[in-house]
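As a plain string of letters, each chain reads:
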Amino acid sequence: MTQPASVLSNETRELLVELADDLDRLHPGAAMSDGIRLARPLVLAEQRHGPTEAAYDAEQDLLAALPRVRPGQTRGEYAALLRLIAQGVTA
């Protein structure tokens, strides 16, 4: 379950958009996988903060905000959903 948009920090919203941009940039028509959903938050958080406690916190917050991947969902479709969550339109 994702966190309600009202509790997302500005950083989490920024990371949601950054992840969406990555998914749209590389193979948006390819299938989205749970492995990508679980791995990318660490990469993005450590790119921003280095291997620190702040990166761990950012990763955990981003993971909590990410919805489950739906069967047949593409990377581009998932990216669009992440942008809506970042904007507070859906959770």
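That block above? That's the structure.
Keep in mind that what you see is a predicted model, and the values were worked out from it rather than measured.

Enquirer: Kindly report on the overall build of the protein, identifying the contributing residues and their values.
Expert: The helix and strand inventory of the protein stands at four helices and zero strands. In sequence order, the secondary structure elements of the protein are arranged as α-α-α-α. For 91 residues, the compact-globule formula gives about 12 Å, and the C-alpha radius of gyration of the protein, at 12 Å, lands near that figure. Principal axes of the C-alpha set define a box for the protein whose edges measure 35 × 25 × 20 Å. Every one of the 91 residues in the protein was classed for burial, and the buried ones make up 36%.

Enquirer: With reference to specific residues and values, describe the pattern of salt bridges.
Expert: The final tally for this structure, using the stated rule, is eight salt bridges. Among the ionic pairs, Asp 22 bridges to Arg 40, the shortest N-O distance being 2.7 Å. Of this pair, Asp 22 sits in helix H1 (residues 10-25) while Arg 40 sits in helix H2 (residues 34-49), and the two are 18 residues apart along the sequence. Given the relative accessible area of 13%, Asp 22 is considered buried.

Enquirer: Which residues make up the environment of Ala 30, and what are the values?
Expert: Mapping Ala 30 onto the fold places it in the loop between H1 and H2. Along the backbone, Ala 30 and Glu 77 are 47 residues apart, and their C-alpha atoms lie at a distance of 9.8 Å. Here Ala 30 is in contact with Gln 73, Thr 74 and Arg 75, once residues within four sequence places are set aside.

Enquirer: I'd like a rundown of the packing of H1 against helix H4 (residues 75-87), residues and numbers included.
Expert: As a packed pair, H1 and H4 sit with axes 8 Å apart at the nearest point and diverge in direction by 160°. Between H1 and H4, the angle is such that the two are roughly antiparallel. Where H1 crosses over H4, the handedness of that crossing is left-handed. Across the interface between the two elements, Arg 13, Leu 16, Val 17, Leu 19, Ala 20, Asp 21, Asp 22, Leu 23 and Asp 24 from H1 touch Arg 75, Gly 76, Tyr 78, Ala 79, Leu 82, Arg 83, Ile 85, Ala 86 and Gln 87 from H4. Of the residues belonging to the contact of H1 with H4, the class tally is ten nonpolar, two polar and six charged.

Enquirer: Report on the environment of Leu 16, specifying residues and quantitative values.
Expert: Counting through the fold element by element, Leu 16 comes out in helix H1. For the pair Leu 16 and Ala 65, spaced 49 residues apart in sequence, the C-alpha to C-alpha distance is 8.2 Å. With residues up to four places along the chain from it excluded, the contact list for Leu 16 reads Leu 8, Leu 62, Ala 65, Leu 66, Leu 82, Ile 85 and Ala 86.

Enquirer: Describe in detail the side chain of Thr 12, supporting the description with residues and values.
Expert: For Thr 12, the location among the structural elements is in helix H1. In this view, Thr 12 contacts Asp 61, Leu 62 and Ala 65; residues no more than four positions away in its chain are not counted.

What counts and how
Residues numbered from 1 in each chain as written. Predicted model: local features only at pLDDT ≥ 70, side-chain atom pairs only at ≥ 80, totals over all residues. Heavy atoms only, no water. Helix = DSSP H or I, 4+ residues; strand = E, 2+ residues; numbered from the N terminus. Rg over C-alpha atoms; globule rule 2.2 N^0.38 Å. Buried < 20%, exposed > 50% of the residue type's maximum accessible area, 1.4 Å probe, protein only. Salt bridge = Lys/Arg side-chain N within 4 Å of Asp/Glu carboxyl O. Contact = heavy atoms within 4.5 Å. Axes fitted to C-alpha atoms, helices over the stretch in contact; angles between N-to-C directions. Parallel < 35°, antiparallel > 145°, perpendicular 65-115°, else oblique. Left-handed = near helix turned anticlockwise from the far one by under 90°. Nonpolar A, V, L, I, M, F, W, Y, C, P; charged D, E, K, R; others polar.

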